[in-house]
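# Close look at the chain arrangement
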Amino acid sequence: MMKEYLFFCGIKHCGKTTLGKIIADMMGCKCIDNDDLAYALMEGYPSIRTFFREQGKQAFMEKEVEGLRLFLQENKEPCIVSLGGGACDNEPLMELIKYYGKSVYLKVSEQVLLKRILVDGVPPFLDVSDPKGSFSRLYAIRNECYGKKCDIVVNLPDYPDVQDTARYLFARL
Ligand SMILES: Nc1ncnc2c1ncn2[C@@H]1O[C@H](COP(=O)(O)OP(=O)(O)OP(=O)(O)O)[C@@H](O)[C@H]1O
Ligand SMILES: O=C(O)C1=C[C@@H](O)[C@@H](O)[C@H](O)C1
Ligand SMILES: [Mg+2]
């Protein structure tokens with residue numbers, strides 16, 4: 001068992017993937033996305049979104065756990081793992097990450113996140129007739145959940161240069 005994992009958690013588009021890669025470079029380790037680990041187990045499905053829609057949230061959460069468990073069994077190096085946006089709802093996953101390392105909630109304001117999310121249009125998990133209100137409700141629930149469950153909470157500033165944000169985060173890990 002290795003305790004050198006950092007698990008990046010947070011609400012959609014908080015920067016788990018972007019910052020995970022930059023911080024991994026700074027630390028000289030690799031960065032893995034748990035959505036990719038889960039997707040590797042979804043044979044025959046063109047995307048996570050399709051699997052989620054057809055098989056449901058519970059089946060998706062089981063793939064998240066299975067994908068991470070298999071990776072943790074085989075991997076021998078320190079690593080940053082970026083989790084999916086809904087990881088806080090997945091109790092067995094949160095138990096697993098508690099055992100293997102330190103969880104970091106990348107906290108970004110609701111306004112900044114909504115702006116980033118809407119760049120690509122209204123995603124399916126928001127109400128098209130009220131994207132702002134539906135995101136606001138989701139944000140409130142997940143913000144509380146990540147705030148309670150994660151070992152470290154980092155309030156990320158909205159710097160124009162993501163490298164500056166990465167340096168801010170790195171200094172707090
Ligand atoms: N600190 C930042 N400043 C400006 N833009 C950012 C920052 N972090 C992420 N972004 C932008 O926000 C979008 C989402 O970033 P990213 O994919 O890293 O987030 P994520 O948390 O991994 O998202 P998801 O939950 O969808 O996996 C990207 O377009 C990225 O360039
Ligand atoms: O916010 C969510 O609930 C999700 C985010 C994605 O990263 C995926 O993990 C999945 O689509 C669920
Ligand atoms: Mg990501």
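Here, the structure is the one placed above.
The following paragraphs examine the structure supplied in this document. Every value quoted in this text rests on a predicted model; they were computed, and no experiment measured them.

### Some remarks on the overall build of the protein chain
The helix and strand inventory of the protein chain stands at seven helices and five strands. For the protein chain, the N- to C-terminal ordering of α and β elements is β-α-β-α-α-β-α-β-α-α-β-α. The C-alpha extent of the protein chain, read off along each of the three principal axes, is 45 × 40 × 30 Å. Across the 173 residues of the protein chain, 46% fall into the buried class. Contacts in the protein chain between residues far apart in sequence, at least 24 positions, make up 75% of those at least 6 positions apart. Total accessible area on the protein chain is roughly 9300 Å²; 52% of this is exposed by carbon and sulfur atoms. Across the protein chain, the 23 positively charged side chains and the 24 negatively charged ones have centroids separated by 4 Å.

### Looking at the site of ligand 2
Close to ligand 2 lie D35, I48, F52, F60, G84, G85, G86 and R142, which account for all nearby residues. Looking at the shell around ligand 2, its residues break down into three nonpolar, three polar and two charged.

### Let's talk about the pattern of salt bridges
Scanning the model with the defined rule gives seven salt bridges in all. We note a salt bridge from K98 to E95, for which the minimum N-O separation is 3.5 Å. Here E95 and K98 lie together in helix α4 (residues 91–100), a separation of three residues that amounts to about one turn. With relative accessibility at 41%, the residue E95 sits in the partly exposed group. Of the charged contacts in the structure, one is a salt bridge between D130 and R137, with a shortest N-O distance of 3.9 Å. One continuous salt-bridge network, built from bridges that share partners, spans K57, D89 and R142.

### Thoughts on the environment of Y146
Along the polypeptide, Y146 turns up in helix α6 (residues 131–149). Residue class for Y146 comes out buried when judged on its relative accessible area of 0%. Those residues in contact with Y146 that lie beyond four places of it in its chain are C9, G10, I11, G84, G85, G86, A87, C88 and Y105.

### So, the site of ligand 1
In the vicinity of ligand 1, the contacting residues are K12, H13, C14, G15, K16, T17, T18, R116, V162 and T165. Within the contact set of ligand 1, an oxygen atom lies 3.0 Å away from a backbone nitrogen or oxygen of G15. T18 has a polar side-chain atom sitting 2.4 Å from an oxygen atom of ligand 1. Coverage of ligand 1 by the protein chains reaches 70% of its 630 Å² of free accessible surface. At the level of secondary structure, the elements contributing two or more residues to the shell around ligand 1 comprise α1 (16–27) and α7 (162–170). Per-element tally for the shell around ligand 1: the top contributor is α1, with three residues. Each residue belonging to the shell around ligand 1 can be placed in one class, and the counts come to two nonpolar, five polar and three charged.

### Notes on the nonpolar core
The tendency in soluble globular proteins is for nonpolar side chains to be buried as a group. Counting 48 residues, the largest nonpolar core has L68, F71 and L169 as its most contacted members. Excluding anything up to four places from it in sequence, F71 contacts Y5, K30, I32, L37, C79 and V81. Grouped together as the second largest cluster of nonpolar side chains are six residues, A38, M42, Y45 and F60 included.

### Digging into α6
Its 19 residues place the ends of α6 26 Å apart at the C-alpha level, agreeing with the 27 Å of an ideal helix rising 1.5 Å per residue. Restricting attention to buried positions, one finds in α6 the residues P131, G133, S134, F135, Y139, R142, N143, C145 and Y146. Where α6 is buried, its residues contact β1 (5–9), α3 (48–74), β4 (101–107) and α5 (110–118).

So, how was this worked out
- Residues numbered from 1 in each chain as written.
- Chains lettered and ligands numbered in written order.
- Predicted model: local features only at pLDDT ≥ 70, side-chain atom pairs only at ≥ 80, totals over all residues.
- Heavy atoms only, no water.
- Helix = DSSP H or I, 4+ residues; strand = E, 2+ residues; numbered from the N terminus.
- Buried < 20%, exposed > 50% of the residue type's maximum accessible area, 1.4 Å probe, protein only.
- Contact = heavy atoms within 4.5 Å.
- Areas by Shrake-Rupley, 256 points an atom, 1.4 Å probe, with all protein chains shown as cover.
- Lys, Arg positive; Asp, Glu negative; His and termini not counted.
- Charge placed at Lys NZ, Arg CZ, Asp CG, Glu CD.
- Near = heavy atom within 4 Å.
- Nonpolar A, V, L, I, M, F, W, Y, C, P; charged D, E, K, R; others polar.
- Salt bridge = Lys/Arg side-chain N within 4 Å of Asp/Glu carboxyl O.
- Polar contact = N/O pair within 3.5 Å; in protein donor to acceptor, adjacent residues only side chain to side chain.
- Core = buried A, V, L, I, M, F, W, Y, C linked by side-chain atoms within 4.5 Å.
- Expected span 1.5 Å × (residues − 1).

Any functional reading would require information beyond the geometric quantities listed.
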